Structures are given as structure tokens and as C-alpha cells.
Protein chains: 2
Amino acid sequence: MMVYDDEFFMRQALKEAQEAFDKDEVPVGAVVVMNNKIIARGHNQVELLNDATAHAEILAITSACNYMGAKYLPDATLYITLEPCLMCSGAIYWSKIPNIVFGASDPKNGYGHYTGKNWPFHPKAILKRGVLEEECAALIKAFFKAKR
Amino acid sequence: MMVYDDEFFMRQALKEAQEAFDKDEVPVGAVVVMNNKIIARGHNQVELLNDATAHAEILAITSACNYMGAKYLPDATLYITLEPCLMCSGAIYWSKIPNIVFGASDPKNGYGHYTGKNWPFHPKAILKRGVLEEECAALIKAFFKAKR
């Protein structure tokens, strides 16, 4: 079996982000991986769904829960192109996802801005940041630059 | 026009919480009010939907956005029987709900546990706590007591 690495899955999350970009949504993408396999994908659909809660992570987690028929995802890894916001960090906590990998940081709306030294995820969750950081950040910068 | 007060709307949120209780869900309820009228209701459906993100507030906010055809709810008041968790506080932030009223406190999973002195809601949002606190808390206590 081919074993994929974090960059491989982050590229898949970037594909989702690109889809959001193409639809004029803030370009954030996410994939949920289990046993080396993508079980759910999501990209930001706040505009399309007219729903402020329709972030990539929320959609991907809901989709993964549906796929698994389970409310908890204790064996999953979530790849996100951007540092999760407070809402999405809470969703990650509740779904018990133990591995979180993100690309670009979000100093304004990322969880770190609010929680400070507090850890919003599960106590044993492992966080990895900065995977394909430049590509993830470039897409977001391009989006907001075009908006101005 | 009859003008309803916070207790009136919190009783409606409690009705939602009772519905959750009757379906063996953690009994939390929420209503979204605009111009003295309930535009959306929600109760916790984590078990039914097998989705860790299906909290009362997320469902009520999504429903209110659908009803309004808008991603922001800058004139709404959200009534919740329990202090919102980090995820739901984030959802309230993104939806720009400026008035938040909750009943019982949640020292374990409430936003206050994580954010400390930081304010996770919109800078101008107004928070009121403790409306029908005892009734809201009693329902949750009864639920977890029955589970043991």
C-alpha cells in the first residue's frame, strides 16, 4: 500500500480551497483522512449556503460523521489549509479528532487569537502547523487582494 | 403589539431543550428572535444526526440564516438554555448576532473555560446570563443523573 504524507493530503485540501476560490468564497479547504484514505472533503461555502457556519472544517467533519455513521472521529486526521477559527476548533474538539494539520496561520481569526495559552482541542490531540504554508497563504492573499 | 421579555423567549428555548431531553439528547435548546418574533428554533441533535457539530445553536443559526436568506444576523437575539461552547461561540461571532442570552452556566465546556478574559463574540455584542438559570440547569442535571 502506498502511504501518503502530510503534503499529499494538504494538496488535496488545497484543491478544495481552490474550488472555493473559483466560486468566489474565501478559499479554505479541508479533508478528513482515516487509514491513509480521504473519507470527507469540504470547502468554505458561506456565500453559497448563505450560512456563516458553513466553514470548510464544519462541512468536512459533518460529512465524515455521515460517512462513518459516528459522531466521533477518534482515528481521523484533519487537514486544513488555514488555522481553524474558534468555531471550527470547537467542532474539532467535539468530534474528538486527534490529529490536526494546518497550512497557513490566521493571526486575526485563528483560535490562537482567542484562547491564548489554553488548548481548545482534546488534551491528547496533536497539532502540526505550516504544511505547504506558503501555498495555502498565497491563495488567501490572492483572494483578498482581488476583493479590494 | 405584545412585547415579550427575555423570560418568555427563554421558555421557548427551554421547550426546545425539553424536546432534546425527550429524545435522549443532551437537553440544550435555542431560539433566534428578531423584532420580537422567533425566526428559528433548534435543539441538540448530536445523537440523531450522528454529528458532533449538531448543537442547538448551530442548528438554530443555520435555520435563521436560511429563513433570512442572509449569512449575517445583525439584528437578532439568540436565547440558549446553556452557556455556549467554543464552537457555538464562534458560530455566534461569524453570524454577527449582537445579543446573546443564556440560562445555565457551563464551567466545563462553556466558552469562558477556554477564552479566559478574551471576548469571543463581536466587540459590541451584549451578553446576558442567568435567565431562568435554575430551570435550564435542572433539566441538564436530570439528564446526566438519569444517565448514571
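Each chain has its residues counted from 1, running along the sequence as written. Chains and ligands are labelled by the order in which they are written, letters from A for the one and numbers from 1 for the other. Selection of residues for local features in this predicted model requires a pLDDT of at least 70, selection of side-chain atom pairs for listing and counting requires 80 or more, and totals for whole chains, interfaces and linings are taken over all residues. Only hydrogens and water are set aside; all other atoms, that is, all heavy atoms of the structure, feed into the side-chain values.

What about the overall build of chain A?
Rule in force here: Helix numbers and strand numbers start at the N terminus; a helix is a DSSP run of H or I with at least 4 residues, a strand a run of E with at least 2. Restricting the calculation to C-alpha atoms gives the radius of gyration, and the globule rule supplies 2.2 Å times the number of residues raised to the power 0.38. Each residue is placed in one exposure class: buried if its accessible area under a 1.4 Å probe, protein chains only, is under 20% of its type's maximum, exposed if it is over 50%, and partly exposed if it falls in between. By definition in these notes, contact holds between two residues if any of their heavy atoms fall within 4.5 Å. The Shrake-Rupley method, run with a 1.4 Å probe, gives the accessible areas here. Residue values count only the displayed protein chains as cover. Charge convention: Lys and Arg are scored as positive, Asp and Glu as negative, and His as well as the terminal groups of each chain are ignored. Lys charges are placed at NZ, Arg charges at CZ, Asp charges at CG and Glu charges at CD.
Broken down by element type, chain A carries six helices and five strands. Since a compact globule built from 148 residues should have a radius of gyration of about 15 Å, the 14 Å found for chain A is in line with a globular shape. Its C-alpha atoms give chain A principal-axis dimensions of about 40 × 40 × 30 Å. When burial is assessed residue by residue, chain A has 55% of its 148 residues classed as buried. In chain A, once contacts between residues fewer than 6 apart in sequence are set aside, the share between residues at least 24 apart is 59%. Accessible area of chain A: about 7,000 Å², with a carbon and sulfur share of 55%. A distance of 4 Å separates the average location of the 16 positive side-chain charges in chain A from that of its 17 negative side-chain charges.

A closer look at the interface of chain B and chain A
In plain terms, the rule: The term buried area means the drop in 1.4 Å probe accessible area that two parts suffer when joined, counted for both and summed. The rule for a salt bridge is simple: a side-chain nitrogen of Lys or Arg has to be within 4 Å of a carboxyl oxygen of Asp or Glu. Here a polar contact is recorded for every N or O atom pair within 3.5 Å, except that within protein the pair must consist of a potential hydrogen donor and a potential acceptor, and residues adjacent in sequence are included only if both atoms are side-chain atoms. Polar here means any residue other than Ala, Val, Leu, Ile, Met, Phe, Trp, Tyr, Cys and Pro, which are nonpolar, and Asp, Glu, Lys and Arg, which are charged; Gly is therefore polar.
The interface is formed by 31 residues belonging to chain B together with 31 residues belonging to chain A. Buried surface at the junction of chain B and chain A, summed over both partners, amounts to about 2,500 Å²; 58% is from carbon and sulfur atoms. Among the residues chain B hides against chain A, the three largest losses belong to B:K71, B:W94 and B:Y114. Together they make up 25% of the total. Across the chain B-chain A interface, the total number found is two salt bridges. A salt bridge links A:K71 to B:E47; the shortest N-O distance between them is 2.3 Å. Run the count over chain B and chain A and you get 12 residue pairs in polar contact (both at pLDDT 80 or more). Contributing elements (two or more residues each) for the side of chain B that touches chain A: helix 2 (46–49), helix 3 (56–68), helix 4 (86–95) and helix 5 (111–115) of chain B. Looking at side-chain class alone, the side of chain B that touches chain A contains 16 nonpolar, 12 polar and three charged residues.

A word on the UniProt feature "domain: CMP/dCMP-type deaminase" (unreviewed entry) in chain A
Let me state the cut-off plainly: UniProt positions are given in the numbering used here, feature names are shortened, and annotations may be inferred rather than shown by experiment.
As annotated in UniProt, the feature "domain: CMP/dCMP-type deaminase" (unreviewed entry) corresponds to residues 4–114 of chain A in the numbering used here. Along residues 4–114 of chain A one finds 43% helix and 23% strand; the C-alpha atoms at either end are 33 Å apart.

Points about the packing of aromatic side chains
Given two aromatic rings, their pairing is described by the distance between the two centres and the angle made by the two planes. All names here are of chain A. Rules: Side-chain rings of Phe, Tyr and Trp, where Trp is taken by its six-membered ring, are said to pair if the distance between their centres is within 6.5 Å; with planes under 30 degrees apart they count as stacked, over 60 as edge-to-face, and otherwise as tilted. A positively charged side chain is recorded as over a ring if its NZ (Lys) or CZ (Arg) lies within 6 Å of the ring centre. The angle to the ring normal must also be within 35 degrees.
Inspection of every chain in the model, using the stated rule, returns 20 aromatic pairs over all chains. Here Y4 and F8 contribute two aromatic rings whose centre-to-centre distance is 4.0 Å and whose plane-to-plane angle is 15 degrees, an arrangement assigned as stacked. Judged by centre distance (5.3 Å) and plane angle (35 degrees), the rings of F9 and Y79 are tilted. Of this pair, F9 sits in helix 1 (residues 6–22) while Y79 sits in strand 3 (residues 77–82), and the two are 70 residues apart along the sequence. The pair formed by F9 and Y79 is uniform in burial state, with each residue classed as buried. Pairwise contacts between aromatic rings join Y4, F8, F9 and Y79 into one cluster. A cation over a ring is seen here: K96 above Y72, with NZ or CZ 4.1 Å from the ring centre.

Some details on the pairing of strand 2 (residues 37–43) of chain A
Residue and element names in this part refer to chain A. We apply this condition: In this analysis, strands are considered paired if DSSP registers two or more bridges between them.
Bridge analysis of strand 1 (residues 29–34) against strand 2 gives six bridges, and the strand direction is antiparallel. Bridge pairing in strand 2 links V33 to I38. Hairpin geometry of strand 1 and strand 2 is characterised by an intervening segment of two residues between the two adjacent antiparallel strands and by a positive phi of about 45 degrees at N35.

Looking at the pairing of strand 4 (residues 99–104) of chain B
All names here are of chain B. Of all six residues that make up strand 4, five are buried, and the element is covered over most of its length. Note that strand 3 (residues 77–82) and strand 4 share five bridges and pair parallel. Bridge pairing in strand 4 places T77 opposite N99.

Let's talk about the sheet that holds strand 5 (residues 126–129) of chain B
Residue and element names in this part refer to chain B. The condition is simple: Helix axes use the C-alpha atoms of the stretch in contact, all axes being lines fitted to C-alpha atoms, and the angles between their N-to-C directions lie in the range 0 to 180 degrees.
The strand order 2-1-3-4-5 describes an open sheet built from five strands, whose pairing is mixed. Only two strands of the sheet have a single neighbouring strand rather than two, namely strand 2 (37–43) and strand 5. On average, adjacent strands in this sheet sit at an angle of 15 degrees to one another, irrespective of strand direction. Of the strand pairs in this sheet, strand 1 (residues 29–34) and strand 3 are connected by four bridges, and their pairing is antiparallel. Looking at the pairing, V31 lines up with Y79 of strand 3. Here helix 6 (residues 133–147) sits on the sheet in contact with strand 3 and strand 4, set at roughly 60 degrees to strand 4.

Concerning unusual backbone geometry
All names here are of chain B. Its identity is not glycine, yet N50 carries a phi of approximately 50 degrees, on the positive side. Topologically, N50 is positioned in the loop between helix 2 and helix 3. Since its relative accessible area comes to 27%, N50 is described here as partly exposed. The phi dihedral of L132 falls on the positive side, at around 55 degrees, and the residue is not glycine. With respect to the helices, strands and loops of the structure, L132 is situated in the loop between strand 5 and helix 6.

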